[in-house]
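Listed below, chain by chain, are the residues.
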Amino acid sequence: IAEVRLVLEARDVSVQFGGVKALTNVSVSVKAGEICGLIGPNGAGKSTFLNAATRLVNYTSGSIMLGGQPLEGVGSREMIGMGIARTFQNLGIYGSMTVLENVMLGAHHRFGGKFAQAIFAPSRIRAEERSAREKAMAVLEEVGMVELAARAAGSLSYPLQKRMEIARALAAEPKILLLDEPAGGLTHGEVHEFGSLVDGIRRKRNLSILLIEHHMGLVMSLCDRIIVLHLGRNLAEGTPSEIKSNDAVIAAYLGK
Ligand code: ADP
Ligand code: MG
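Keep in mind it's a predicted model, so treat the numbers as computed, not measured. (Residues numbered from 1 in each chain as written. Chains lettered and ligands numbered in written order. Predicted model: local features only at pLDDT ≥ 70, side-chain atom pairs only at ≥ 80, totals over all residues.)

1. Points about the overall build of the protein chain
Right, so step 1: In terms of helices and strands, the protein chain carries 10 helices and 10 strands.
Right, so step 2: A globule of 256 residues ought to have a C-alpha radius of gyration of about 18 Å, and the protein chain, at 19 Å, matches this closely.
Right, so step 3: By principal-axis analysis of the C-alpha atoms, the protein chain measures approximately 60 × 45 × 45 Å.
Right, so step 4: Going through the 256 residues of the protein chain one by one, you find that 36% of them count as buried. (Helix = DSSP H or I, 4+ residues; strand = E, 2+ residues; numbered from the N terminus. Rg over C-alpha atoms; globule rule 2.2 N^0.38 Å. Buried ≥ 20, exposed ≤ 12 C-beta atoms within 10 Å, placed from the backbone.)

Shown next, in the form of structure tokens:
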């Protein structure tokens, strides 16, 4: 029997901040092409898990595999080349730069830190610049923002800034996209539109997505599977309808 391909497979990951155990033996896996939700009450450890999976924080035990390759010993810069991209809970945009320039940063990451080539092969760097620009324009087209390419990113409405963040992550041509509360601060209508965008991108690119989100309507409609964390541990896992009716999950959200 062919095994379902796991794009991300984290097993028994623990993270500690001084005396605080933020994660204890947390396991999270994401299959090829699925949208997997990662939910849980505030402080459950969701962002910490994303930070561990992108090597922004160290984990003290456990293992994380990305596309079948262990993350241990991989630098956070090389990781983008391994096919992982993310957005942050708080917008990470450069307001005075144009939309195109912001998205090009994502495409540049794809090429890695080839600074030596800037000295020894400037023509190659120019070619990469051109390629990053083309890639960024193609992604802006995909998310319906081409006509905004020359605008200062800081002048965009908040929903468009969020959309631009997705574009920047996509410019790195990831296999898996990690989204940390991408719908935070959006109105109900904007959340719906955002959901359609993400679903469309997933289908078109056959992308795997790990979605951290507080907006339950969005999580339930978008996710194939949901993993619930509570107090830094795995609490439950299942389909949206299983999670909706899971007593332990309901109790965790009610603060019991
Ligand atoms: P969530 O994203 O699910 O709301 P977090 O991953 O942000 O939760 O936080 C999990 C726990 O780890 C919380 O108790 C939080 O206070 C703690 N924590 C997160 N980041 C740090 C940090 N850099 N230093 C110390 N404690 C942290
Ligand atoms: Mg968080």
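Picking up where we left off.
2. Describing the sheet that holds strand β8 (residues 208-212)
Right, so step 1: In spatial order, the strands read β6-β7-β8-β3-β9-β10; together these six strands make up an open sheet with mixed pairing. Here the strands that pair on one side only, and so sit at the sheet edges, are β6 (84-86) and β10 (233-238). Across the sheet, the axes of successive neighbouring strands diverge by a mean angle of 20 degrees, strand direction being ignored.
Right, so step 2: One ladder, built from five bridges, connects strand β7 (residues 176-180) with β8; its direction is parallel. When the bridges of β8 are listed, I176 appears paired with S208. (Pairing = 2+ DSSP bridges. Axes fitted to C-alpha atoms, helices over the stretch in contact; angles between N-to-C directions.)

3. Observations regarding the environment of L156
Right, so step 1: Locating L156 in the fold gives a position in the loop between α5 (122-142) and α6 (158-171).
Right, so step 2: For the pair L156 and L218, spaced 62 residues apart in sequence, the C-alpha separation works out to 23 Å.
Right, so step 3: Ignoring sequence-local partners within four residues, the contact set of L156 consists of V99, L148, R151, Q161 and M164. (Contact = placed C-beta atoms within 7 Å.)

4. Considering the pairing of β7
Right, so step 1: Burial analysis of β7 places five of its five residues in the buried class, the great majority of the element.
Right, so step 2: Pairing analysis gives three bridges linking β6 to β7, with the strands arranged parallel. Among the inter-strand pairings, R86 is bridged to a residue of β7, identified as L178.
Right, so step 3: Handedness of the crossover is the feature at issue here: the chain leaves β7, passes through helix α7 (residues 188-205), returns alongside β8, and the resulting connection is right-handed. (Right-handed = clockwise from strand over helix to strand, strands pointing away.)

5. Concerning the domain arrangement of the protein chain
Right, so step 1: Per the domain assignment, the segments of the protein chain are domain 1 (1-83 + 174-256) and domain 2 (94-171).
Right, so step 2: With 12 residues of domain 1 at the contact, the number on the domain 2 side is 11 residues.
Right, so step 3: Looking at the side of domain 1 that touches domain 2, the elements with two or more residues in it are α2 (76-81) and α7. (Domains from an automatic or database assignment.)

6. Brief notes about unusual backbone geometry
Right, so step 1: Of note, the phi angle at N25 is positive, near 50 degrees, even though the residue is not glycine.
Right, so step 2: Tracing the backbone through its elements, the reader meets N25 in strand β2 (residues 20-31).
Right, so step 3: We classify N25 as partly exposed; it has 13 C-beta atoms within 10 Å.

7. Concerning α7
Right, so step 1: The end-to-end C-alpha separation of α7 is 26 Å, in line with the 26 Å expected for 18 residues at 1.5 Å each.
Right, so step 2: Against the buried residues of α7 lie α6, β8 and α8 (216-222).
Right, so step 3: Where α7 terminates, the next one or two residues include N206, which has phi positive at roughly 50 degrees. (Expected span 1.5 Å × (residues − 1).)

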